[in-house]
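Residue-level structural notes
Residue-level listing of the chains:
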Amino acid sequence: MSQTTFNQAPTMKPVISVCHLNHYFGQGELRKQVLFDINFNIYPGEIVFMTGPSGSGKTTLLALVGGLRSAQSGSLTILGHQMCGASKRDVMQVRRQIGYIFQAHNLLTFLTAKQNVRMSLELHNQYLEQDMDGLAFDILKTVGLSSRIDYYADSLSGGQKQRVAIARALVSNPKLVLADEPTAALDSKSGRDVVELMQRLAKEQGCTILMVTHDNRILDIADRIIHMEDGRLVGNANLATTTSDPKTSNET
Ligand code: ADP
Ligand code: MG
């Protein structure tokens, strides 16, 4: 069995390309390294889960990939943009192409489900001329919330809120969706439902998903799983070919 290398990888350009990425928190004496020489690629359309114990650096890595923290050293290319040393403007441009789903749904409780979703469209110039209410309605219907469109976020259940958060992240057809433990606050049935929903929408829209999860019950939904320990990607997970994806199955 041959080893998978970067170069055997598909001709398709990776959506996420991480190379020798290190990250540190704090300054001087208190400076502490939390990510060590991280390397991996994620290709268009892949659904990749990131697992690992608490404190292993998953959220930090996700925040770097999402342009929510500045990359300090190494190389991090997201949607064709180098994030190390990127200008604010570049970072903003990348962020607009990413849908974020967090553990806490982060909805605005004083807005309705539809208004929460609509707000995400308002950040994109190309939607301003379109029927944003209609688009918000359609995606909320897709996530099974057509009867809750005008409910305030506060009055929805945990699972429903997380569905609104998914609708909000996906309504603008992002090329990349980043999710940090989106099922953590949900019971196992709703947890699986929302992740299956993300999977279905991602496949329909052709977007790529990188999702942090502790939830063993949903691991089968991933095309590939990468695992973090003590700030390092461990095992051969960084380019494991756990699927029969033709893009990556060219080794024997
Ligand atoms: P995980 O998401 O896997 O639980 P994190 O990325 O949140 O891990 O944290 C990785 C390490 O970085 C931990 O040791 C944590 O204490 C530390 N850390 C996270 N955020 C900060 C911060 N803002 N300042 C200093 N240290 C941090
Ligand atoms: Mg975390």
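Report follows, based on the coordinates. (Residues numbered from 1 in each chain as written. Chains lettered and ligands numbered in written order. Predicted model: local features only at pLDDT ≥ 70, side-chain atom pairs only at ≥ 80, totals over all residues. Heavy atoms only, no water.)

Concerning the site of ligand 1
Going by this rule: In this text, near means that some heavy atom of the residue lies within 4 Å of the molecule or strand in question. Polar contacts, as used here, are pairs of N or O atoms within 3.5 Å; protein pairs need one atom able to donate a hydrogen and one able to accept it. Residues neighboring in sequence count only if both atoms are side-chain atoms. Surface exposure here means Shrake-Rupley accessible area, sampled with a 1.4 Å probe, where a residue is shielded only by the protein chains that are shown. Strands are runs of DSSP state E lasting at least two residues, helices are runs of H or I lasting at least four, and both sets are numbered from the N terminus onward. Classification convention: Asp, Glu, Lys, Arg as charged; Ala, Val, Leu, Ile, Met, Phe, Trp, Tyr, Cys, Pro as nonpolar; all other residues, Gly among them, as polar.
Ligand 1 sits among F25, K32, V34, P53, S54, G55, S56, G57, K58, T59, T60 and R69. Between K32 and ligand 1, the recorded distance is 2.9 Å, taken from a side-chain N or O atom to an oxygen atom. Interatomic distance of 2.7 Å between a backbone N/O atom of G55 and an oxygen atom of ligand 1. For ligand 1, the protein covers 61% of the area, taking 560 Å² as the surface of the free molecule. Going through the elements one at a time, β2 (32–42) and α1 (58–65) are the ones with two or more residues in the shell around ligand 1. In terms of residues, the shell around ligand 1 owes the most to one element, α1, which gives 3 residues. When grouped by side-chain class, the residues that make up the shell around ligand 1 number 3 nonpolar, 6 polar and 3 charged.

Observations concerning the sheet that holds strand β5 (residues 81–82)
Spelled out, the test is: Here, a strand pair is defined by DSSP locating no fewer than two bridges between the strands.
Spatially, β2-β1-β4-β5 is the arrangement adopted by the 4 strands of the open sheet, whose pairing is antiparallel. Looking at strand neighbours, the two that pair on one side only are β2 and β5, the edges of this open sheet. Sheet topology places strand β1 (residues 16–25) next to strand β4 (residues 73–78); 5 bridges connect them, and they run antiparallel. When the bridges of β4 are listed, C19 appears paired with S75.

Quick look at the pairing of β4
Both β4 and β5 contribute to a ladder of 2 bridges, which runs antiparallel. Bridge pairing in β5 links I78 to H81. Linkage of β4 to β5, two consecutive antiparallel strands, is achieved through a turn of 2 residues, within which L79 is found at a positive phi near 50 degrees.

A few points about the side chain of E181
Convention followed: Residue exposure (1.4 Å probe, protein chains only): buried if accessible area is under 20% of the type maximum, exposed if over 50%, otherwise partly exposed. We count Lys and Arg on the positive side and Asp and Glu on the negative side, and we leave His and both chain ends out. The term salt bridge refers to a pairing of a side-chain nitrogen on Lys or Arg with a carboxyl oxygen on Asp or Glu at a separation within 4 Å. Note on definitions: a residue-residue contact is assigned when non-hydrogen atoms from the two residues lie within 4.5 Å.
By secondary structure assignment, the location of E181 is in the loop between β7 (176–180) and α6 (188–205). One buried charge, E181, has no salt-bridge partner; the nearest side chain with opposite charge is K58, at 4.8 Å. Contacts of E181, omitting those with residues within four sequence positions, involve K58, Q103, V212, T213 and H214.

Points about unusual backbone geometry
Positive phi values are uncommon outside glycine, yet D37 reaches one of about 45 degrees. Positionally, D37 belongs in strand β2. On the basis of relative accessibility, which here comes to 41%, the residue D37 falls in the partly exposed class. Of note in the backbone geometry, L79 takes a positive phi value of approximately 50 degrees without being a glycine. Judged by its relative accessible area of 17%, L79 falls in the buried class.

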